[in-house]
Amino acid sequence: MELILEQVTISLGTQVLIQPFSFAIAAGETVTVMGPSGSGKSSLLAFIAGDLPSLLQGQGRVSLGGRDLGPLPPEARRVGRLFQDDLLFPHLTVGENLLFGMARGNSEERDARMRDALCSAELAGFEARAPHTLSGGQRTRVALFRALLASPHAMLLDEPFARLDADLRNSMRSFVFGHLKERRIPSLLVTHDLADAPAGGRVFTIGSGGKVAHD
Amino acid sequence: MRFGVAQSFGIGLVAFLWGLPLAASLAAFAATALDFAAWNSLLHHPQLPEALPLSLWTGTAGLAAALAAALLVTMGFYGTAHWQKLQTSTAVGLSIPHLAFAIGFGFLVMPSGFLARLFVGGSEPPQWVTAQDPLGLALIACLALKETPFLIAMIWSVLAQGDVGPALAGHWRSARSLGHGAGSVWLRVLLPQIVARLRWPIAIVWVYGVTVVDMALVIGPTQPPTLAVIVWADLNNAAEDINARGSAGAMLMTLALAAAAALAWLAVSLAGKKMRRFMTGGPSSFGVPKTSTTLLTAAMIAIYSLVLFTLSGMSLAGYWPYPRLVPDTVRFAAWQGLIANGGPVVLSLMLALTSSALALGLVVLWLEAVPARWDRALTISAVASLTLPAIAMASGQYRFFLELHLTGTQLGLFLAHFIPVFAYVFIVLKGPFRTFDPRFQAVAHGLNAGALRFWVSVKAPLLKAAIAIAAAVGFSVSMVQFVPAQLIAAGRFSTLPMEAVTLASGGSRSLTAAYALALAVLPMFAFLLAQMLGHSRWRLAWN
């Protein structure tokens, strides 16, 4: 499944934050968009996800697997997201967080999928733990698997490694990108740190005047 | 532990002026539990078997309707461009006192009221029972309409709290990306996280609704009335045994509320497991009914506007035959009457200004001089005094003041206003003062500013919006005091709400409307003034 952005532009009133640009992200590929703070990187992801703040205006066409996402509400787009904060729901346990986005169905099968995911996240037996008892890396892994268990057709990564320390960042990068590649999910990463980009992946930069250029 | 002079002075003053009368009033109220003759008399009261369930029904139904409306409005407008604008409307609704609203609402829905003129017409007013109905529907509607802005404001203040707001906004986006519709995200993610912070506001609304006197006197059922009205009549009776029966009635209401609260807590605990299954059962596209929320919001704004319009129209109406939409003649007699008999207005203003000024001074002294660890005791006392039924507090206060020969005195009347005002002002100011960034003080000291200059030039300007709002809240709370004030005044003084209640039970409609409008407008002015005084360049920059 391919994520295609065509003539996408973001503006704040008359100020153009991102000039029109187009690219396609193939299944299993992670494309990186870089830019300084305030350049509109996160707004670009919000536009794709369908929850751009009302102050901003987004234009252009976003399609996923040939389906135009424009008319769909955020919950129907099948676009998963990872943020700088893990945003695990504090009133739910780790296991309940994983079940939250999983499709409805037989509860035993859902529980089994949840436990499998915990094994893959190297967190077997953590289902009853409260999110605040986990370390930063563990929380990021739970957030990733929570998103993956919702069966997204694309992933948007909003600086998900920014709050991790240097050692953990390296291991989490390969962990996240590895799982996305293995599941053939097209992903868009925004960051201001080139080191976050997957090795060999395409990198675009938002330059002065909001121009998006391929590095 | 070493006590500084300012610290001891702050604690001592608050304890003497607020804590002592409060504690003594509570003790005097608690003592009524031991008056078995009064209990016996109460339990044989012929109207009790109907009045107690009626009170619980009207208060609970009013709360349920207000809560549902507040949640729908919040769900409909959270994160939209209209979010800020609605906060202004909410503030206006919030500033109108319950009593003034009830009088205006009664006039609006009465058979010859503006609603019937607008929608029914005909040559004669319809034969409707629109107020004082036996099921208390008018009282429920009034409570629901009046409490909705308060609950919206409480929900919004939780959503705006620094430790919650940004996280909830993130959870909102995250849950939507996991396949949940807006309504589902509210029910499964946001509400479970904020409900614990809303329990006290909900409790206050519920207790108020079950035990309200002034609104019930104006628009509530009469055959029988709610228990609060029966208790009120007993407490106003000079005969000692009847008065004691009133105190026992207030105690019964308190115990009934405590039992009902315990039942509600048990039900919520039992439902907890099912709720967790509901929360994690998988994505749901359940959205927010946008059209319904927009219509509901528009209807509420329209009713509030019509209530104010009706009060204005009635206060100025000369000859206004049914079904004309505007009066044939305009007369200023009601306003002239209100000004000529200016005593109640002036007394209410004086009490509001002095009690809010003293409360503000004392609270600021406390927050500046007393360490934060002492706040817990004061917070518990303040919340307890506001959560307890006003009629129960008033009953205890009356007995205590009677012992001190303070009933019917200016000092007694002032204290009856000051006690609730202090509690509200403290609750409003505690957060802004205690979360004030201490690094500002360090920076100011580094720039050679002493303590006084730091306070005047840095802290006070940064907190002036909160101080102004606290003053307005204190002023409004004082303006609307009815139950304790009427008992303590012992017929020797009359304030604006006392006059309005008396007039509403059979006085001239235009004069009643004028008093109700004065009661509504003065707190609104206070909030408007607070908003103007609290307006800051730096807040604009941050927004």
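Residues numbered from 1 in each chain as written. Chains lettered and ligands numbered in written order. Predicted model: local features only at pLDDT ≥ 70, side-chain atom pairs only at ≥ 80, totals over all residues.

Right, let's talk about the overall build of chain B for a bit. Secondary structure summary: chain B contains 25 helices and zero strands in total. A compact globule built from 543 residues should have a C-alpha radius of gyration of about 24 Å, and chain B, at 24 Å, falls within 12% of that. Projected onto its principal axes, the C-alpha positions of chain B cover 70 × 60 × 50 Å. Looking at chain B as a whole, 44% of its 543 residues qualify as buried. Long-range contacts, defined here as pairs at least 24 residues apart, represent 80% of the contacts in chain B between residues at least 6 apart. (Helix = DSSP H or I, 4+ residues; strand = E, 2+ residues; numbered from the N terminus. Rg over C-alpha atoms; globule rule 2.2 N^0.38 Å. Buried ≥ 20, exposed ≤ 12 C-beta atoms within 10 Å, placed from the backbone. Contact = placed C-beta atoms within 7 Å.)

Within chain A, the secondary structure is distributed over five helices and 10 strands. Since a compact globule built from 215 residues should have a radius of gyration of about 17 Å, the 17 Å found for chain A is in line with a globular shape. Once the C-alpha set of chain A is aligned to its principal axes, its extents read approximately 50 × 40 × 30 Å. Across the 215 residues that make up chain A, the buried fraction comes to 44%. Contacts spanning at least 24 positions in sequence make up 69% of the contacts within chain A whose residues lie at least 6 apart.

With that out of the way, let us pick up the nonpolar core. Of all hydrophobic cores here, the largest spans 217 residues; its most connected members are Leu99(B), Ile391(B), Val425(B) and Leu519(B). Residue contacts for Leu99(B): discarding those within four places in its chain leaves Asp214(B), Met215(B), Val218(B), Val480(B), Phe482(B), Pro497(B), Ala500(B), Val501(B) and Leu519(B). (Core = buried A, V, L, I, M, F, W, Y, C linked by C-beta atoms within 7 Å.)

Moving on, we come to the sheet that holds strand S7 (residues 154-158) of chain A. Residues and elements named next belong to chain A. An order of S6-S7-S8-S3-S9-S10 is seen for the six strands of this open sheet, with the pairing classed as mixed. Where the open sheet ends on each side, the last strands, each with one partner, are strand S6 (79-82) and strand S10 (212-214). On average, each strand axis in the sheet is tilted by 20° relative to the strand beside it, whichever way the strands run. Note: strand S9 (residues 203-206) against S10, three bridges, orientation antiparallel. If you follow Ile206 over to S10, its bridge partner there is Val212. (Pairing = 2+ DSSP bridges. Axes fitted to C-alpha atoms, helices over the stretch in contact; angles between N-to-C directions.)

As a measure of interface size, the accessible area lost when the parts come together is often cited. Taken together, the contact pairs 22 residues of chain B with 26 residues of chain A. Of all the elements in the fold, those that place two or more residues in the side of chain B that touches chain A are helix H8 (165-177), helix H9 (182-194) and helix H13 (240-279) of chain B. Per-element accounting of the side of chain B that touches chain A gives the leading share, six residues, to H8(B). When its residues are assigned to classes, the side of chain B that touches chain A shows six nonpolar, 13 polar and three charged. (Nonpolar A, V, L, I, M, F, W, Y, C, P; charged D, E, K, R; others polar.)

In this section: the packing of helix H14 (residues 290-316) of chain B against helix H24 (residues 509-534) of chain B. Residue and element names in this part refer to chain B. The geometry of H14 relative to H24 is characterised by a closest axis approach of 7 Å and an angle of 135° between their N-to-C directions. The orientation of H14 relative to H24 falls into the category oblique. Note that H14 runs across H24; the crossing there is left-handed. Counted together, Leu308, Leu311, Ser312, Met314 and Ser315 of H14 and Arg509, Ser510, Ala513, Ala514, Ala516, Leu517 and Ala520 of H24 form the full contact between these two elements. Taken together, the residues that form the contact of H14 with H24 break down as eight nonpolar, three polar and one charged. (Parallel < 35°, antiparallel > 145°, perpendicular 65-115°, else oblique. Left-handed = near helix turned anticlockwise from the far one by under 90°.)

All names here are of chain B. Structurally, chain B comprises domain 1 (1-34 + 332-543) and domain 2 (46-331). Listed by partner, the interface residues are 39 residues for domain 1 and 41 residues for domain 2. Sorting the residues of the side of domain 1 that touches domain 2 by element identifies helix H15 (333-340), helix H17 (375-387), helix H18 (390-403), helix H21 (451-479), helix H22 (483-489), helix H23 (496-504) and H24 as the ones contributing at least two each. (Domains from an automatic or database assignment.)

Residues in a regular strand point their side chains to alternate faces of the sheet. Residues and elements named next belong to chain A. Most of S7 sits out of view: five of its five residues are buried. Pairing geometry for S6 and S7, over four bridges, is parallel. Within the sheet, the bridge partner assigned to Gly80 lies in S7 and is Met155. Relative to strand S8 (residues 187-191), S7 runs parallel, the two being bridged by four bridges. Among the inter-strand pairings, Asp158 is bridged to a residue of S8, identified as Val190. You can see the chain leave S7, run along helix H5 (residues 166-182) and come back into S8, and the turn it takes is right-handed. (Right-handed = clockwise from strand over helix to strand, strands pointing away.)

Before going further, it helps to spend a moment on the sheet that holds strand S2 (residues 15-25) of chain A. The four strands are arranged S2-S1-S4-S5 (chain A) in an open sheet whose pairing can be described as antiparallel. Each having just a single partner strand, S2 and strand S5 (67-68) of chain A make up the two edges of the open sheet.

Here the focus is the pairing of S9(A). Residues and elements named next belong to chain A. Direction of pairing for strand S3 (residues 30-34) relative to S9: parallel, over a ladder of three bridges. Residue pairing across strands places Met34 opposite Thr205, the latter belonging to S9. As consecutive antiparallel partners, S9 and S10 are separated by five residues, and within that stretch Gly209 has a phi angle of approximately 75°, a positive value.

Turning our eyes to something else, we now look at the domain arrangement of chain A. Residue and element names in this part refer to chain A. In terms of domains, chain A is made up of domain 1 (1-76 + 156-163 + 185-215) and domain 2 (79-151). One C-alpha centre belongs to domain 1, the other to domain 2, and the line joining them spans 25 Å. With nine residues of domain 1 in contact, the opposing surface of domain 2 contributes seven residues. For the side of domain 1 that touches domain 2, the secondary structure elements donating two or more residues are helix H1 (41-49) and S7. Looking at the side of domain 1 that touches domain 2 residue by residue, the class counts come to six nonpolar, no polar and three charged.

On to unusual backbone geometry, then. The omega torsion of the bond from Gln223(B) to Pro224(B) falls at 0°, within 30 degrees of zero and hence cis. Tracing the backbone through its elements, the reader meets Pro224(B) in the loop between helix H11 (214-219) and helix H12 (227-235). Omega for the peptide link from Tyr322(B) to Pro323(B) comes to 5°, which places this bond in the cis form. Mapping Pro323(B) onto the fold places it in the loop between H14 and H15. One non-glycine residue, Arg78(A), lies in positive phi territory at about 60°. Checked against the element boundaries, Arg78(A) lands in the loop between S5 and S6. Residue Arg78(A) is classed as partly exposed on the basis of its 18 C-beta neighbours within 10 Å.

Further remarks concern H12(B). All names here are of chain B. With eight of its nine residues buried, H12 lies for the most part within the structure. Among all positions in H12, only Leu227, Ala228, Val229, Ile230, Val231, Trp232, Asp234 and Leu235 are buried. Next to the buried residues of H12 lie helix H3 (48-77), helix H10 (199-211), H11, H13, H18 and H22.

What follows is about the environment of Ser381(B). All names here are of chain B. Take Ser381: it is sitting in helix H17. Taking the C-alpha atoms as reference points, Ser381 and Asp214, 167 residues apart in sequence, are found 25 Å from one another. With sequence-adjacent residues up to four places away left out, Ser381 is seen in contact with Gly19 and Leu22.

Take H9(B) next. At Arg188(B), H9(B) is bent by approximately 30°, the largest bend along its length, and proline Pro192(B) sits one to four residues beyond. Of the residues making up H9(B), those classed as buried are Ala182(B), Ser184(B), Val185(B), Trp186(B), Arg188(B), Val189(B) and Leu190(B). (Bend = angle between axes of the 7 residues up to and from the residue.)

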